[in-house]
Amino acid sequence: MLDKPLERIIVEPSVPATSCVIWLHGLGDSGAGFAPVVPALGLPVDHSVRFVFPHAPEQAVTINSGYIMRSWYDIKSMDLHDRADMKGVLESESLINALVDEQIALGIEANRIVLAGFSQGGVMSLFCGLRLKQKLAGIMALSCYLPTADKMPVDLASENSTTPILQQHGTQDEVVPLNAGIMAFELLKSEGYATQWQTYDMGHNVLPEQLRDISKWLQMVLN
């Protein structure tokens, strides 16, 4: 994986940005896959939230017969305890952390930044957020799991030990089983994290009802 800045789509608010949501896409998708959610969130017209939708690097993915696609890390198998290639997770973590640093350099304080993601992107938002040594406004993890399965990641950052976390999952998810999300939620809860769990009658996707809940949560953590 090349150590160069991630390409991204940026959606600026109509007024100067005072906060930022960095939203990470799932396997085989791109930042363009989630950029359309911004108007669908129905945020106030004068909101000051910048949305950044980065594109994951392209790499071979083992469970997809080695095809090259956008991926935050290689998925080695469907076994949750041996799914994520941790070397790739760590490489992507450094690229995502650079996005956070970039926003800070542009004048957005870390505690006004939300790290969000769906599926593989949600795995990365959880992993990066829990380890980031700068206090975030929130962490949003949709339809995902912890890359470390039933164990917490190493080198957890005390800075985000009280950061609000939103976890959402589809009860009919055919890609990331519901119990994988529940495992992550229960582990975080047992470790004292301020995480919120919501389920929806859906598969591996996002619903309008869910976007309304996300909008409320974003307005709460970024108010």
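Described below are features of the structure shown in this document. Quantities reported herein were computed from a predicted structural model and do not represent experimental measurements.

## A short note on the overall build of the chain
Within the chain, the secondary structure is distributed over 5 helices and 9 strands. Relative to its length of 223 residues, the chain is compact, with a C-alpha radius of gyration of 16 Å against a globular reference of 17 Å. The principal-axis extents of the C-alpha atoms in the chain amount to approximately 45 × 35 × 35 Å. Across the chain, contacts joining residues at least 24 apart in sequence account for 72% of those joining residues at least 6 apart. For the chain, the computed accessible surface area is about 9,600 Å², with 54% contributed by carbon and sulfur atoms. Averaging the positions of the 15 positive and the 25 negative side-chain charges in the chain gives two centres separated by 3 Å.

## Points about the sheet that holds strand S9 (residues 195–200)
Spatially, 7 strands are ordered S1-S3-S2-S6-S7-S8-S9 in an open sheet, and the strand pairing comes out mixed. On the outer flanks of this sheet lie strand S1 (8–11) and S9, each paired with one strand and no other. Shown here is a sheet whose adjacent strand axes are inclined to one another by a mean of 15°, direction ignored. Two strands pair when backbone bridges link them, and strand S8 (residues 165–170) and S9 are joined in this way by 6 bridges, in the parallel orientation. Bridged to Ile165 within S9 is Thr195. Lying on the sheet, helix H3 (residues 120–131) is in contact with strand S2 (19–24), strand S6 (113–118), strand S7 (138–142) and S8; it crosses S6 at an angle near 145°. Its contacts with the sheet place helix H4 (residues 178–190) against S8 and S9, and it is angled at close to 160° to S9.

## Topic: H4
Taking 1.5 Å as the rise per residue, H4 with 13 residues should run 18 Å; its terminal C-alpha atoms sit 18 Å apart, in good agreement. Every buried residue of H4 is listed here: Ala180, Gly181, Ala184, Phe185, Leu187 and Leu188. End-on view of H4: buried residues confined to an arc of 165°, all on one side of the axis. Residues of H4 that are exposed and point over 90 degrees away from its buried face: Asn179, Glu186 and Ser190. Buried residues in H4 make contact with H3, S8 and S9. Directly after H4, the chain includes Gly192, whose backbone phi takes a positive value near 90°.

Rules behind the numbers
Residues numbered from 1 in each chain as written. Predicted model: local features only at pLDDT ≥ 70, side-chain atom pairs only at ≥ 80, totals over all residues. Heavy atoms only, no water. Helix = DSSP H or I, 4+ residues; strand = E, 2+ residues; numbered from the N terminus. Rg over C-alpha atoms; globule rule 2.2 N^0.38 Å. Contact = heavy atoms within 4.5 Å. Areas by Shrake-Rupley, 256 points an atom, 1.4 Å probe, with all protein chains shown as cover. Lys, Arg positive; Asp, Glu negative; His and termini not counted. Charge placed at Lys NZ, Arg CZ, Asp CG, Glu CD. Pairing = 2+ DSSP bridges. Axes fitted to C-alpha atoms, helices over the stretch in contact; angles between N-to-C directions. Expected span 1.5 Å × (residues − 1). Buried < 20%, exposed > 50% of the residue type's maximum accessible area, 1.4 Å probe, protein only. Arc of directions from axis to C-beta.

Geometry only, nothing functional implied.
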